[in-house]
Amino acid sequence: MASAESQPRFGQSVKGLLSDKVGSCSGDVIALTRQVLKGSRSQELLGQAARNMVIQEDAILHAEDSLRKMSIITTHLQYQQEAIQKNVEHSKNLQDQLRHLLK
């Protein structure tokens, strides 16, 4: 009879161990799923950051191009200002000469 009684205990013990293992595996699967989701979210954030960097890089390149063009325009405006100043001085000289001739 002793062997008949130990058989159910052994079966229950195995069932208990199996149940514990299934619970442990379930916990591991849940933890793994969370890690995969975190990794997926991280990958998503990295992708968004890369897209934002490309947009910023394009904006910086556009700003550099605009600054270069403004520098060229500034140089041309300075040349024009110098030419106007020379013409004003020349005009004053001509006015002085005209006044001197009309006296």
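Overview of the structure.

Scoring rules and cut-offs
Residues numbered from 1 in each chain as written. Predicted model: local features only at pLDDT ≥ 70, side-chain atom pairs only at ≥ 80, totals over all residues. Heavy atoms only, no water. Helix = DSSP H or I, 4+ residues; strand = E, 2+ residues; numbered from the N terminus. Rg over C-alpha atoms; globule rule 2.2 N^0.38 Å. Buried < 20%, exposed > 50% of the residue type's maximum accessible area, 1.4 Å probe, protein only. Salt bridge = Lys/Arg side-chain N within 4 Å of Asp/Glu carboxyl O.

What about the overall build of the chain?
Check the secondary structure of the chain and you find 1 helix and 0 strands. Compactness check: the chain gives a C-alpha radius of gyration of 44 Å against a globular reference of 13 Å for 103 residues, more than 25% above the reference. In terms of overall dimensions, the chain has C-alpha extents of about 150 × 15 × 10 Å along its principal axes. Every one of the 103 residues in the chain was classed for burial, and the buried ones make up 0%.

Quick word on the pattern of salt bridges
By the definition in use, this model includes 4 salt bridges. Taking the shortest distance from any N to any O, the salt bridge between D65 and R68 comes out at 2.3 Å. Placement of the pair is D65 and R68 together in helix α1 (residues 2-102), with a separation of 3 residues, close to one helical turn. By relative accessible area, R68 is classed as partly exposed at 48%. In this structure, D65 and K69 form a salt bridge, with 3.3 Å as the shortest nitrogen-oxygen distance. In this pair, D65 and K69 both sit in helix α1, 4 residues apart, roughly one turn of the helix. Residue class for D65 comes out partly exposed when judged on its relative accessible area of 23%. Residue K69 is classed as partly exposed on the basis of its relative accessible area of 48%. Among the ionic contacts, a cluster of salt bridges with common partners joins D65, R68 and K69.

Side note on the environment of M70
With respect to the element layout, M70 can be found in helix α1. A relative accessible area of 46% places M70 in the partly exposed class. Separated by 54 residues in the primary sequence, M70 and G16 have C-alpha atoms spaced 80 Å apart.

Nothing here speaks to function; it is all geometry.
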